[in-house]
Amino acid sequence: MKMMKSIQTALLAIVLAFASVTMASAQENADGNTEAVVMIVDFEGIMREASAMQDMTKQIKTRQEAYQQEIEKRQQALRKEEQEIAQQRTLLSADVIQQKQKEFQQKVADFQKFAQGRNRILDEALNSSRVKFQKTLIEVIADVAEQRKATLVLHKSQVILHANAMDASKEVFDRVNKAMPTLSVEFKEAS
């Protein structure tokens, strides 16, 4: 969650930097003052509703379900082995039982590493896909801002009131869907 906040903060900084650069090059009015042309974008809404993000969510969910089935299968095998060790307590010597428990604990530790690795793969795939999409989204926002001669771009969530003409969300949404209709998620599995 912290990584996503830092990514959003970095992207906001990029948008604001773009806005300040375009603001510096904005035309001056008769008094020598720079007029601000404001453009508003529903960044979060586009991130949530864009076709590429919907595609990414679907791919992540499918992989997550496959991982969950694999994890449950391994958990069942561990439970079965634990029951077998418990049943053998009265039949085997204390040394043998102790060795079997030690081996079982190692299997449990390996399983925990495996499950954590699967979660890490999903998190990394999600984050890298979001960054890839956000890069395209920022480029589209910059293009629309340039065409509208906007000198300031704001997140819709930061604005209380605005004129409808300032809201470029629909235009940005349509363009980003055209530029990136799908998103291929990369799952970097070590094993």
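Residues numbered from 1 in each chain as written. Predicted model: local features only at pLDDT ≥ 70, side-chain atom pairs only at ≥ 80, totals over all residues. Heavy atoms only, no water.

Structural notes on the nonpolar core
Rules: We call a set of buried residues a nonpolar core when its members are Ala, Val, Leu, Ile, Met, Phe, Trp, Tyr or Cys and they connect through side-chain atoms within 4.5 Å of each other. Between buried and exposed lies partly exposed: a residue is buried under 20% and exposed over 50% of the maximum accessible area for its type, with that area taken using a 1.4 Å probe on protein chains only. Helix and strand definitions here come from DSSP, where helices need a minimum of 4 consecutive H or I residues and strands a minimum of 2 consecutive E residues; each element is numbered from the N-terminal end.
In terms of nonpolar packing, the biggest core is built from 30 residues, with Met39, Ile46, Phe133, Leu137, Ile141 and Val172 touching the most fellow members. Within the residue set of this core, elements represented by two or more residues are strand 1 (38-41), helix 2 (43-49), helix 3 (51-88), helix 4 (94-148) and helix 5 (169-179). The dominant element in this core, judged by the number of residues it contributes, is helix 4, at 10 residues. Ranked by size, the runner-up nonpolar core spans eight residues in total, among them Ile71, Ile85, Phe104 and Ala115.

Quick word on the packing of helix 3 against helix 4
Here is the rule we go by: Only the stretch in contact is used when fitting a helix axis, every axis being a line fitted to C-alpha atoms; angles between N-to-C directions are given from 0 to 180 degrees. In these notes the angle categories are as follows: under 35 degrees is roughly parallel, over 145 is roughly antiparallel, 65 to 115 is roughly perpendicular, and the rest is oblique. Each residue gets one of three labels, nonpolar for Ala, Val, Leu, Ile, Met, Phe, Trp, Tyr, Cys and Pro, charged for Asp, Glu, Lys and Arg, and polar for the others, Gly among them.
Where helix 3 meets helix 4, the closest approach of the two axes is 11 Å, and the angle between their N-to-C directions is 175°. Accordingly, the angle class assigned to the pair helix 3 and helix 4 is roughly antiparallel. The class makeup of the residues in the contact of helix 3 with helix 4 is 19 nonpolar, five polar and nine charged.

Topic: the packing of helix 4 against helix 5
What counts, and what does not: By convention, the crossing between two helices is left-handed when the near helix turns anticlockwise from the far helix through less than a right angle, and right-handed when the turn is clockwise. Contacts are assigned to residue pairs that have any heavy atoms within 4.5 Å of one another.
Interhelical geometry of helix 4 versus helix 5 gives an angle of 130° and a closest axis separation of 9 Å. Relative to helix 5, helix 4 is oriented oblique. As for the relative orientation of helix 4 and helix 5, their crossing is right-handed in sense. For the pair formed by helix 4 and helix 5, the contact residues are Phe133, Thr136, Leu137, Val140, Ile141, Asp143, Val144, Gln147 and Arg148 on the first element and Glu171, Val172, Arg175, Val176 and Ala179 on the second. Partitioning the contact of helix 4 with helix 5 into residue classes produces eight nonpolar, two polar and four charged.

Examining helix 4
Our working definition: Under the convention used throughout, the expected extent of a helix is 1.5 Å for every residue step, that is, one less than its residue count.
Taking 1.5 Å as the rise per residue, helix 4 with 55 residues should run 81 Å; its terminal C-alpha atoms sit 80 Å apart, in good agreement. Lys149 sits one or two positions beyond helix 4 and adopts a positive phi of about 55°.

Comments concerning the packing of aromatic side chains
Stated formally: Think of it this way: a Phe, Tyr or Trp ring, Trp meaning its six-membered ring, pairs with another when their centres are within 6.5 Å, and the plane angle makes it stacked under 30 degrees, edge-to-face over 60, tilted otherwise. To sit over a ring, a charge needs its Lys NZ or Arg CZ within 6 Å of the ring centre and within 35 degrees of the ring normal.
For the structure on display, the rule yields zero aromatic pairs. Taking NZ or CZ as reference, Arg63 lies 4.0 Å from the ring centre of Phe187, over its face. The ring of Phe114 carries Arg74 above its face, with NZ or CZ at 3.7 Å from the centroid.

Some words on helix 5
To keep things clear, this is the line we draw: Regarding the arc, it is the one traced by the directions from the helix axis to the C-beta atoms.
Turning to helix 5, its buried residues number three or more, namely Ser169, Val172, Val176 and Asn177. Looking down the long axis of helix 5, one finds its buried residues gathered within 130° of arc, a one-sided arrangement. Looking at helix 5, the residues exposed on the side facing more than 90 degrees away from the buried face are Lys170 and Lys178. Contacts made by the buried residues of helix 5 are with strand 1, helix 2, helix 3 and helix 4.

A closer look at the environment of Arg148
Short version of the rule: As used in this structure description, the phrase polar contact means that two N or O atoms lie within 3.5 Å; if the pair is within protein, one of them must be able to donate a hydrogen and the other to accept it, and residues adjacent in sequence are counted only when both atoms belong to side chains.
Here Arg148 shows up in helix 4. Spatially, the C-alpha atoms of Arg148 and Val38 are 9.2 Å apart, while their sequence positions differ by 110 residues. Ignoring any residue separated from it by four or fewer positions in sequence, one finds Arg148 in contact with Val37, Met39, Ala165, Met166, Asp167, Ala168 and Glu171. Within the local environment of Arg148, its side chain forms a polar contact with the backbone oxygen of Ala165, the two atoms lying 3.0 Å apart.

Things to note about the environment of Arg120
Within the secondary structure, Arg120 is located in helix 4. Through-space distance from the C-alpha of Arg120 to that of Lys188 is 9.5 Å; in sequence the pair is 68 residues apart.

A look at the confidence of the model for the chain
The following threshold applies: pLDDT measures the predictor's confidence residue by residue and takes values from 0 up to 100.
Of the residues in the chain, 82% reach a pLDDT of 70 or more, and the chain-wide mean stands at 85. Averaged over each element, pLDDT in the chain is lowest for helix 1 (residues 2-24) (48) and highest for helix 5 (96). Note that pLDDT drops below 50 for residues 15-28; the model gives that stretch 22 contacts with residues more than four away or on any other chain.

Brief notes about the pattern of salt bridges
Just so we agree on the cut-off: For this document, the term salt bridge refers to a Lys or Arg side-chain nitrogen within 4 Å of an Asp or Glu carboxyl oxygen.
Inspection of the entire model under this criterion finds 11 salt bridges. A salt bridge links Arg118 to Glu189, with the nearest nitrogen and oxygen atoms 3.7 Å apart. Pair noted here: Arg118 is in helix 4 and Glu189 is in the segment after helix 5, with a separation of 71 residues, a long-range link. By sharing partners, the salt bridges in this structure join Arg63, Glu70, Arg74, Arg118 and Glu189 into a single network.

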